[in-house]
Amino acid sequence: MKKTVSLLFATLVSCVLAVSAQAQLVVEITQGNQDPTPIAIVPFDWSGSGVLPEDVSAIVSADLRRSGLFAPVPREDMLSFPKTPEQVSFRDWRMLGTEYVVTGRMQPQAGGYLLSFDLVNIFGQSKMFTKQVTGGAQQLRDIAHRAADEIFEAITGIRGAFGTQMVYVQETRRGGQPSYALMLSDVDGARARQIRRFSAPVMSPSWSPNGQEVAYVSFETGRPAIFRENLRSGARQQLTNFKGLNSSPTWSPDGSKLAMVLSKDGNPEIYVLDLSTGRFTRMTRHFSIDTEPNWMPDGKSLVFTSDRGGKPQIYQLTLATGQVDRLTFDGDYNARPRVSPDGKTLVMVHRSRGVFTIATMDIVSGQMRVLTETRLDESPSIAPNGAMLMYATKRGSKGILAAVSLDAGVKYSLPSQQGNVREPAWSPYFD
């Protein structure tokens, strides 16, 4: 079966809040699909010695549950624990209303593990596939996420994104002083680790298209400067050191350029930096504030925020001609534009009647949809499959991360175990 998943204009320094460097993010599902698909992820058989350090089948189950499209059967409700498709009793699973069963077998291999897993259609009484996933000794979670991706795509027709990652910003207090960090974790908040810690604010992380680097803004030099950093090697390069604003870096789809905001010539304008030559090209010329650029998927134009119409709205700049067109008209504030991978949907921070929410707009029709219900939502970042987006919000006085599907049918939050988190950036696929 197929199912469709259903402010530069605020102060720059305020764009970081607090969380412990060692704290994991905790998934709390707040809203799921009205008719989630019942699926059973049977505990995987383990042929090695001892006990595995991670429960792989439980991670697969948690991934699918977090999508909001699936209702995994609790283990205590399972009538049997088949290891292979041949051991699946269709009658027993039909009694539970289960539509799909996943069986699996874990075994050790040199330097790591091998998972063989099967997807069985209960009502069709057929095996849909048997697949294998391998990983190193420290990659049990990666194995689980890849298996969940395969299962998700087979049933929904949408590529899974459970194996992706995110970066986000945190702040802790050390000796009574704020300490800032850029964090990297799985997209479910697990395996959080510090990329780099700073004594001054850091903000606006942005992934390179190949998933190997991030660009971000740091105030460590005493003023905002843009850096790029390789996540594997730790190699780091400062890209700007101009007076005034150096903000909002975002990679071009081919990874050869960075769009950004600079006020080196007096007014905040959009510039594009060619990373191979180091040449900066000014793209906008207007007395108003132009900020928060983001690339269209074809690399031929940029969307950005500007108050050139009197209040912050979103515009599109065609790079070849310099033509600028206004895209948003609904609401008195639309900012922080992000574009879905298919180029059809614009995601933004939207304000109406004084409330900041996350909204989408169909770029062709102009139809707007408000996705969130809280009052201080910001920093949206779209999953590489275009099905979900992550954003920053508040629960009481605490900053947390949250996610919502682009049809607003699925929602979950990612509060930290300690402190506050914000500025999420969802990674691309790593292949």
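A brief structural summary. Everything numeric in this text was worked out from a predicted model, so none of it was measured.

1. A word on the overall build of the chain
Helix and strand content of the chain: three helices and 31 strands. For the chain, the C-alpha atoms occupy an extent of roughly 70 × 50 × 45 Å along the three principal directions. In the chain, which comprises 431 residues, the share counted as buried stands at 57%. With the model as given, the accessible surface of the chain reaches about 18,100 Å², and the carbon-plus-sulfur share is 47%. Here the chain contributes 46 positively and 41 negatively charged side chains, and the mean placements of these two sets differ by 4 Å.

2. Here's the deal with the sheet that holds strand E24 (residues 345-352)
Here four strands make up an open sheet; going across it, the order is E23-E24-E25-E26 and the pairing antiparallel. For this open sheet the edge positions go to strand E23 (333-339) and strand E26 (368-370), each flanked by a neighbour on one side alone. Taking the axes of each pair of neighbouring strands and ignoring which way they run, one obtains an average angle of 30 degrees across the sheet.

3. Notes on the layout of surface pockets
Roughly 760 Å³ of volume is contained in the second largest pocket. For the lining of the second largest pocket, the elements supplying multiple residues, two or more each, are strand E7 (126-136), helix H3 (140-156) and strand E9 (177-186). Residue composition of the lining of the second largest pocket, grouped by class: six nonpolar, eleven polar and eleven charged.

4. So, the nonpolar core
If you look at the biggest cluster of nonpolar residues, it comprises 48 residues, and the most contacted ones within it are Ile39, Val60, Leu64 and Ile151. It is H3 that provides the largest number of residues to this core, a total of eight residues. Setting aside anything within four residues of it in sequence, one finds isoleucine 151 in contact with Ile39, Val60, Leu64, Val102, Phe117, Leu119 and Phe129. Of all hydrophobic cores here, the second largest spans 15 residues; its members include Ile195, Tyr216, Ala225 and Leu231.

5. Examining the sheet that holds strand E18 (residues 279-282)
Taken in spatial order, the four strands make up an open sheet running E15-E16-E17-E18, and their pairing is antiparallel. The two strands at the open ends of the sheet, each matched to only one other strand, are strand E15 (246-251) and E18. Across the sheet, the axes of successive neighbouring strands diverge by a mean angle of 25 degrees, strand direction being ignored. Across four bridges, the pairing between E15 and strand E16 (residues 257-262) is antiparallel. If you follow tryptophan 251 over to E16, its bridge partner there is leucine 258.

6. Some thoughts on empty space enclosed by the protein
Of the pockets and cavities examined, the largest cavity occupies roughly 150 Å³. Lining the largest cavity are 14 residues, and of these Ser67, Phe162, Asn385, Met388 and Trp426 lie nearest its centre. Along the lines of polarity and charge, the residues of the lining of the largest cavity split into ten nonpolar, two polar and two charged.

7. A look at helix H1 (residues 56-66)
With respect to burial, H1 is a largely interior element, eight of its eleven residues being buried. Considered for burial, the residues of H1 that qualify are Val56, Ser57, Ile59, Val60, Ser61, Asp63, Leu64 and Arg66.

8. Regarding the pairing of strand E6 (residues 112-121)
Of all ten residues in E6, ten are buried, a share of seventy percent or more. Bridge count for strand E5 (residues 100-109) against E6 is ten bridges, and the pairing is antiparallel. Along E6, the bridge assignment pairs methionine 106 with leucine 115. Examined bridge by bridge, E6 and E7 share ten bridges and lie antiparallel to one another. The partner of phenylalanine 117 across the bridge, within E7, is lysine 131.

9. Focus: the packing of aromatic side chains
A complete count under the given rule lists ten aromatic pairs for this structure. When the centroid spacing of 5.4 Å and the interplanar angle of 90 degrees are considered together, the rings of phenylalanine 152 and phenylalanine 162 count as edge-to-face. Of this pair, phenylalanine 152 sits in helix H3 while phenylalanine 162 sits in the loop between H3 and strand E8 (165-174), and the two are ten residues apart along the sequence. Across this residue pair, the class does not change: phenylalanine 152 and phenylalanine 162 are buried. Taken together, Phe70, Phe152 and Phe162 form an aromatic cluster joined through their ring pairs. The positively charged end of arginine 236 is found above the aromatic ring belonging to phenylalanine 227, 4.0 Å away from the centroid.

10. Structural notes on the pairing of strand E31 (residues 421-426)
Buried residues dominate E31, accounting for six of its six residues. When E8 meets E31, the two strands line up antiparallel, connected through four bridges. Looking across to E31, one finds that valine 167 is bridged to alanine 425.

Basis of the calculations
- Residues numbered from 1 in each chain as written.
- Predicted model: local features only at pLDDT ≥ 70, side-chain atom pairs only at ≥ 80, totals over all residues.
- Heavy atoms only, no water.
- Helix = DSSP H or I, 4+ residues; strand = E, 2+ residues; numbered from the N terminus.
- Buried < 20%, exposed > 50% of the residue type's maximum accessible area, 1.4 Å probe, protein only.
- Areas by Shrake-Rupley, 256 points an atom, 1.4 Å probe, with all protein chains shown as cover.
- Lys, Arg positive; Asp, Glu negative; His and termini not counted.
- Charge placed at Lys NZ, Arg CZ, Asp CG, Glu CD.
- Pairing = 2+ DSSP bridges.
- Axes fitted to C-alpha atoms, helices over the stretch in contact; angles between N-to-C directions.
- 1 Å grid on protein atoms, 1.4 Å probe; cavity = no way out; pocket = protein on both sides within 12 Å on 5 of 7 lines; lining within 4 Å.
- Points joined across faces, edges and corners; volume = space filled by probe spheres on them.
- Nonpolar A, V, L, I, M, F, W, Y, C, P; charged D, E, K, R; others polar.
- Core = buried A, V, L, I, M, F, W, Y, C linked by side-chain atoms within 4.5 Å.
- Contact = heavy atoms within 4.5 Å.
- Phe/Tyr/Trp six-rings, centres within 6.5 Å; stacked < 30°, edge-to-face > 60°.
- Lys NZ or Arg CZ within 6 Å of the ring centre and 35° of its normal.

These values are about where atoms sit, not about what they do.
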